[in-house]
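Below are the chains, spelled out letter by letter.
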Amino acid sequence: MFASDSFRRRPEHSSMGDHILSEVAVFGPESCCVEPHATDSWTVTDVDRSRLGGDSNEVHAVFTLTGDPGATLPASVDRAGVERVFSYDDRHVFRVTRPDGQGCVCDCLERAGCVVRDITVEPESLVVTFLVEDADLLGTVLDELRATADCIQLRRLVESARANDEARPIVFDRATLTDRQEEVLRVALEMGYFEHPRDATAGDVAAKLDITTTTFTEHLAAAQGKLLTGVLG
């Protein structure tokens, strides 16, 4: 369960144009009603979620399963609360009805005031794209997601330029970094290497990573080069 007061409220003067578009992969999400239906043969797309009106404490999640027309549908769609509402060619549209507020990914994002743009399910993760107010709130949301999943992966950020800012949008694509480069950046950041004055030296971070200082600086330079290329073009 996510408490609504755990997120900072959006200021009255904030505008949607100032938001950050974020893409996050959530591995092993708790209480997700669509993730269990994805298999090697079937993918989940076009996820849409809505609350029922009146006094009902339930939500509907509608999703599309796409796969080989000859393949057997996942056994999960035969569970109680899952209803097939439409089928055409290799696609099947299902609706899931469940109680609201069970601490799923959508609950977290809605309580934070984020706008969900897209949800898809890959073989091992739920990938959600959403708009968030700023970097501070994004950090809070990521912490909440991390606490209710096996792990999360921030894949991409796009920050829109303000109306009076001539700079183009800032884009970060995690796929440009190798796993090792991402690890080096993360550990260096956590240890305070980028603080001024520094809380850790290059040697301290290298020791934590169990690599030489030279190897650390090489990985760091490569990672920073990629990030700066994405920001400055």
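Relevant structure appears above.
First, a word on what this report is: a plain description of the structure on this page. (Residues numbered from 1 in each chain as written. Predicted model: local features only at pLDDT ≥ 70, side-chain atom pairs only at ≥ 80, totals over all residues. Heavy atoms only, no water.)

Examining helix α3 (residues 179-190)
- Here α3 is 12 residues long and its end C-alpha atoms lie 16 Å apart, about the 16 Å a rise of 1.5 Å per residue gives.
- Listing the buried residues of α3 in full gives Gln181, Val184, Leu185, Val187 and Ala188.
- Of the residues flanking the end of α3, it is glycine 192, one or two places downstream, whose phi is positive at about 85°. (Helix = DSSP H or I, 4+ residues; strand = E, 2+ residues; numbered from the N terminus. Expected span 1.5 Å × (residues − 1). Buried < 20%, exposed > 50% of the residue type's maximum accessible area, 1.4 Å probe, protein only.)

Observations regarding the environment of glutamate 218
- Mapped onto the secondary structure, glutamate 218 falls in helix α5 (residues 213-232).
- On the basis of relative accessible area, glutamate 218 is assigned to the exposed category, the value being 53%.

As for the nonpolar core
- Formed by 37 residues in total, the largest nonpolar core has its most connected members in Val24, Val34, Val44, Phe63, Phe130 and Val141.
- Looking at this core, the elements with two or more residues in it are β1 (20-27), β2 (42-51), β3 (58-67), β5 (91-99), α1 (105-111), β6 (115-121), β7 (125-132) and α2 (135-147).
- The leading source of residues in this core is α2, at five residues.
- Formed by 15 residues, the second largest nonpolar core is a distinct cluster that contains Leu185, Val187, Ala202 and Val205. (Core = buried A, V, L, I, M, F, W, Y, C linked by side-chain atoms within 4.5 Å.)

Some details on the packing of α3 against helix α4 (residues 202-209)
- Interaxial distance between α3 and α4 falls to 10 Å at its minimum, and their mutual angle equals 125°. Classified by the angle between their axes, α3 and α4 sit oblique to one another. Like other packed secondary-structure pairs, α3 and α4 cross with a definite hand, here right-handed. Contacts between α3 and α4 pair Arg180, Glu183, Val184, Val187 and Ala188 from the former with Val205, Lys208 and Leu209 from the latter.
- When its residues are assigned to classes, the contact of α3 with α4 shows five nonpolar, no polar and three charged. (Axes fitted to C-alpha atoms, helices over the stretch in contact; angles between N-to-C directions. Parallel < 35°, antiparallel > 145°, perpendicular 65-115°, else oblique. Left-handed = near helix turned anticlockwise from the far one by under 90°. Contact = heavy atoms within 4.5 Å. Nonpolar A, V, L, I, M, F, W, Y, C, P; charged D, E, K, R; others polar.)

Purely spatial values, then, with no claim about function.
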